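Coordinate analysis (summary)
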Amino acid sequence: MWIAVIWYVVYWIKLLSQEKTTSPRINTNWADRNWWWTLDGWEFEEEVARIFRLNGYKAKVTKKTGDGGIDIIMYKDEEKYLVQCKHYQNEVPVEPVRALNGVREDFGADKLIMVASSGITKAGHEFLKNKPYFIVYDLEDIIGMGLRPLEEDDIIDAEAEVLEVKKLPNWD
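Below: a short report on this structure. (Residues numbered from 1 in each chain as written. Predicted model: local features only at pLDDT ≥ 70, side-chain atom pairs only at ≥ 80, totals over all residues. Heavy atoms only, no water.)

Within the secondary structure layout, Lys76 lies in strand β2 (residues 72-76). For Lys76 and Asn55, which are 21 residues apart along the polypeptide, the C-alpha to C-alpha distance reads 9.6 Å. In this structure Lys76 touches Asn55, Gly56, Tyr57 and Tyr81, once residues within four positions along its chain are discounted. (Helix = DSSP H or I, 4+ residues; strand = E, 2+ residues; numbered from the N terminus. Contact = heavy atoms within 4.5 Å.)

Now the structure itself:
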């Protein structure tokens, strides 16, 4: 009888400890670069938002239309981030980079992030000189953010839209 009780306790301890280390919040497809290219623009935005959530951001994907060019609005450390995703096979030209920069004040953002699957052009990089508030991530950066080892403090619900955000704008 005691053996059955000990086995039962050990079984539940192992099961409960696995929940923390093997989090269903991580998409096993993230490491596969080809998988990312099967996503449409909306699906890409959703996966990018999930990865940012896993990295401690409070992120909300905006509506498909009428979003003012902003795909994700995020908060972290009391800073507001605007994210635009460009899931292109080629580098993003300078025009969308300039457009995102132009809405920063309208939205009251502290930082801007462009997620450009294939990066941005040389002209885009030139435009961003002396703009430390503007960050560009390519697909390799996003994959790396999704696969990095998570700290226990980082584990939050990646399926939740926004958690405890102060001064949250009206999403409707």
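This part covers the nonpolar core. As a rule of thumb, nonpolar side chains are buried together in soluble globular proteins. Core analysis: the largest hydrophobic core is formed by 25 residues, its most contacted members being Trp36, Phe52, Ile72, Met74, Val115 and Ile142. Within the residue set of this core, elements represented by two or more residues are α2 (33-36), α3 (41-54), β1 (58-61), β2, β3 (79-86), β4 (111-116) and α7 (139-147). Top contributing element to this core by residue count: α3, with six residues. Apart from the residues lying within four places of it in its own chain, the contact partners of Trp36 are Asn29, Trp30, Phe44, Glu47, Ile51, His87, Leu139, Ile142 and Ile143. In this structure, Ile70, Ile73, Tyr75 and Met114 belong to the second largest nonpolar core, which totals 16 residues. (Core = buried A, V, L, I, M, F, W, Y, C linked by side-chain atoms within 4.5 Å. Buried < 20%, exposed > 50% of the residue type's maximum accessible area, 1.4 Å probe, protein only.)

Applying the stated criterion across every chain yields a total of four salt bridges. Lys111 is paired through a salt bridge with Glu79; the nearest N and O atoms lie 3.7 Å apart. Of the two residues, Lys111 is situated in strand β4 and Glu79 in strand β3; the sequence distance between them amounts to 32 residues. For the salt bridge of Glu126 with Lys129, the shortest nitrogen-to-oxygen distance reads 3.2 Å. A relative accessible area of 42% places Glu126 in the partly exposed class. (Salt bridge = Lys/Arg side-chain N within 4 Å of Asp/Glu carboxyl O.)

Moving on, we come to the pairing of β2. Judged by how many residues are buried, β2 sits mostly within the fold: four of five residues are covered. As paired elements, β1 and β2 share four bridges and run antiparallel to each other. Within β2, the position partnered with Val61 by the bridge is Ile72. Across five bridges, β2 lies against β3 in antiparallel orientation. Of the residues in β3, the one forming a bridge with Lys76 is Glu79. In this structure, the hairpin formed by β2 and β3 is closed by a connection of two residues, where Asp77 is found at a positive phi of approximately 50°. (Pairing = 2+ DSSP bridges.)

Before going further, it helps to spend a moment on α3. With 14 residues, α3 should cover 20 Å at 1.5 Å per step; its first-to-last C-alpha distance of 20 Å lies within 8% of that length. What α3 keeps buried is the set Phe44, Glu45, Glu47, Val48, Ala49, Arg50, Ile51, Phe52, Arg53 and Leu54. Where α3 begins, one side-chain oxygen reaches toward the backbone nitrogen of Trp42, 3.1 Å away; that side chain belongs to Asp40. Residue Gly56 follows α3 closely and has a positive phi angle near 95°. (Expected span 1.5 Å × (residues − 1). Polar contact = N/O pair within 3.5 Å; in protein donor to acceptor, adjacent residues only side chain to side chain.)

Geometry only, nothing functional implied.
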